[in-house]
Amino acid sequence: MRQKPLSNSFFSPLRLLSAAAVLLLTFSAALQAHAVAWFPVGPDGGDARSFGSDPTDHKHLLLGTATGWIYQSRDGGASWTHLARLGRRDDLVIDDILIDPSNPKRILAAAWVVDHPDGGLYESTDGGATWTANKEMAGQSVRSLAQAASDPAIVVAGSLDGVFRSSDRGEHWTRISPEGSKEIHEIESLAIDPRDPNVIYAGTWHLPWKTTDGGEHWHNIKQGVIDDSDVFSIIVDPDKPQTVYASACSGIYKSENAGEVFRKVQGIPATSRRTRVLMQDPKNPLVVFAGTTEGLYRTGDGGDTWAALTGTDVIVNDIYIDPTDTNKMLVAIDRGGVLSSRDGGSTFDPSNSGFSSRQVTSLLIDAHDPATMYVGVVNDKQWGGVFQSRNGGMTWTQRTLGLGGRDVFGIAQAPDGSVLASTNRGIYKWKDDNWVESGVIDGKGEALEVADKEHAAKVIPAVAARNSKSKSAKKLAKPKKKDAMPPKQFEVGVFALAAGGNSLYAAASDGMYRSGDSGETWSRMKLPGDAAQVTDWRLLSAMQQALFAADPSHLAVSFDEGKNWKLPALPSQLTGVVAVAVDGSGGLWVGGREGLFFSGNQGDTWDDVKGFTNINSLFYDSTNKEVLATTGSTMAYSIDIGSKKVRLWESGWKLRFVRSVGDHLIAATLFDGMVLQPRMVVSPLAKGGF
């Protein structure tokens, strides 16, 4: 359990720590007295890639992600729990999962890596609790798997390198596509004839292929298919194997003669023709679902006509249909996670309880109610934005109205208690259940009254001409001033927000801004010297009247809300700034790849805090008077400002940043939402100090 909250400390320049009093931090700290990992708390949703279904239990499902995680459901997809992470890495995309029908504890998972020819085939013999990489498929970018319905011992795998076959449920593999083939490679999809396991279909990034003798010979089945079509999915009708469907970047194709000739299926808009997955109703073969990059479609007549089931903002990756009740189906989509339908796809609801694949960039804990918190996410467009929890992160509600699908980089609370979010375009304030864009006022915000100019030009031109030198004419012709220029909208990305004293601060791609009216309007801040030329400020930390700002190669600090500035040099060992913090005593903290550095004299000199590398976040917690740090690893750190002791916790997750909430820690993972520290019996021990 976390230490009890301490009273706040207030910044005073007189309390600056003397650099001479700073001893290098030591790092010998004992880990917490057990190995209980922190538990995930959402927000739910994110990228869902693939389903794996247990042939012996229709309620037992697996869910593959784009971050190496496999989730499990025991209730037909109503809720999900973490099962395992493959390869102990977060860059594996899991697009195919097979559960052995004769032994459900044996599972195969295909994995690949974005923009890199890497991945592998992973196998589990204990129901997914533990996984090992198949040595014979090591390093293969495995994009597809298929198991023979007539002989489950036969499994085929497709990779960037070709087609491989196993006759012992995936333990050993043999290449069945020609070695070094310039045609049969980059295998995106596979299907096996339900009656003859020697008949295999392979979809490549350029066209489909087929073998009828287990891979001894292959022939192209491109007749009717548009040239250079990426073939994403192939399905064979289990009752009529002569009927074959193939989906591609160019649309959907159907063959009535086992793929020898295809015809292009009509009825889906051209904009939605990029079809990632096809799924046939197991009880009605005329019903086929098509998951495209612009929505889900259904045909009830074998492809003659199609109807849209979702909006075009839904990017479908996989489909699962309950074999016991085909009205029940799940859809795995980008950004929105899992969608569930109980009426054959007529209506859908999110089904993401326990599943989170979010990139959380920012967290705000309400100053007046610590149980209320907000997080901002990126890369999820209309499925993302800001999420609010009123119960300490147990459940979340999406708050996105008005953001227009923008990425959220920062969240802060204004002096009046309102919440603001900075995005990839502009700053927004939460008002009346809607996000309203803040404006920018340049200079003093004064503007000439246009009506007065027109009056002076049209009504008194003769008087002005005759008496151009008279004071009265000049007085008449002089336009009046409005109280303020209407604020213009931000047109740039705003990367960070910070609140300090009575001010809010924003770091943007065209400069630094300050608001003195709780974020209603913003004015550009003027910095001296070289800092005036820096526009792409990325990092901010504020405490009372102190403001500490940085881009990767510059630092700027003010102790009077931006009226006066000092421009410290970077620590000599540091090649780039990744994180900054100003503490309650005016101490400055800077972190990056080379380590963590502290200054107690406004940046005149820097001390190397030994033992730290790869700092990716710093935050001053004024309640507990400590600096919280993460290094992109699974460890969370706190440095007590008074005693200068370091404590550390093993979270079990790679962390983006960490905060304190009550007597717990809460942290953002790199790709999997938020995690909360479980209640501890024994706090971690710590040694060391300045």
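These lines cover the structure that appears in this document, whether it is placed above or below. Remember, predicted model here, so these are calculated numbers, not experimental data.

### Examining the sheet that holds strand 15 (residues 187–192)
Across the sheet, which stays open at both edges, the four strands sit in the order 15-16-17-18 with antiparallel pairing between neighbours. Unpaired on one side and paired on the other, strand 15 and strand 18 (219–220) mark the two borders of the sheet. Note that strand 15 and strand 16 (residues 200–204) share five bridges and pair antiparallel. By the bridge assignment, S189 is partnered in strand 16 with G203.

### Quick look at unusual backbone geometry
Cis geometry marks the peptide bond from G42 to P43, where omega comes out at 5 degrees. Tracing the chain through its elements places P43 in the loop between strand 1 (39–42) and strand 2 (45–46). Even without a glycine there, the phi angle at Q544 is positive, about 55 degrees. Of note in the backbone geometry, K625 takes a positive phi value of approximately 55 degrees without being a glycine.

### Quick word on the side chain of S660
Structurally, S660 is set in strand 57 (residues 655–661). Judged by relative accessible area, S660 falls into the buried class, the value being 15%. Side chain to side chain, S660 and N624 meet in a polar contact 3.1 Å long.

### Notes on the pattern of salt bridges
Counted by the stated rule, this structure contains 23 salt bridges. With its nearest N and O atoms 2.6 Å apart, the salt bridge here joins R85 to D672. Taken together, the residues R85 in strand 6 (residues 81–85) and D672 in the loop between strand 58 (664–669) and strand 59 (674–676) connect sequence positions 587 residues apart. For D672, a relative accessible area of 3% puts it in the buried group. Between K429 and E520 there is a salt bridge whose closest N-O contact spans 2.9 Å. Of the two residues, K429 is situated in strand 38 (residues 426–431) and E520 in the loop between strand 44 (511–515) and strand 45 (521–524); the sequence distance between them amounts to 91 residues. Residue classification places K429 among the buried positions, given a relative accessible area of 4%. Exposure remark for E520: the relative accessible area of 35% places this residue in the partly exposed category. Bridged by salt links that share partners, the residues D416, K429, K431 and E520 form one connected network.

### Let's talk about the nonpolar core
Ranked by size, the top nonpolar core spans 34 residues in total, and within it F548, W589 and L618 carry the most contacts. Looking at this core element by element, the count peaks at four residues for strand 49 (residues 579–582). The next biggest cluster of nonpolar side chains, apart from the first, holds 22 residues, and it includes W80, A636, W653 and L655.

### A closer look at the environment of S159
Relative to the elements of secondary structure, S159 occurs in strand 12 (residues 155–159). When its relative accessible area of 0% is taken as the criterion, S159 is described as buried. Note: C-alpha distance between S159 and E186 (27 residues apart in sequence) is 5.9 Å. Each residue touching S159, except ones within four places of it in the same chain, is listed here: Q140, S141, V142, R143, F164, H185, E186 and I187. At 2.8 Å, the side chain of S159 forms a polar contact with the side chain of Q140. Within the local environment of S159, its side chain forms a polar contact with the backbone nitrogen of D161, the two atoms lying 3.0 Å apart.

What counts as what
Residue numbering note: each chain is counted from 1, following its sequence as written. A pLDDT threshold of at least 70 governs which residues receive local features in this predicted model, and a stricter bar of 80 or more applies before side-chain atom pairs are shown or counted, although totals over entire chains, interfaces and linings include all residues. For side-chain calculations, the full set of non-hydrogen atoms in the structure is used, while hydrogens and water are omitted. Strands are treated as partners if at least two bridges between them are detected by DSSP. The numbering of helices and of strands both runs from the N terminus, where a helix is a DSSP run of H or I of at least 4 residues and a strand a run of E of at least 2. Note on exposure labels: buried denotes an accessible area under 20% of the residue type's maximum, exposed denotes more than 50%, and partly exposed covers the range between, all computed with a 1.4 Å probe on protein chains only. Throughout this description, a polar contact denotes any pair of N or O atoms lying within 3.5 Å of each other; where both atoms belong to protein, one of them has to be capable of donating a hydrogen while the other can accept it, and for residues adjacent in sequence the pair is counted only when both atoms sit in side chains. Just to be clear on terms, a salt bridge is a Lys or Arg side-chain nitrogen sitting within 4 Å of an Asp or Glu carboxyl oxygen. For our purposes a nonpolar core is just a set of buried Ala, Val, Leu, Ile, Met, Phe, Trp, Tyr and Cys residues, chained together by side-chain atoms within 4.5 Å. Any two residues having at least one pair of non-hydrogen atoms within 4.5 Å are treated as being in contact.

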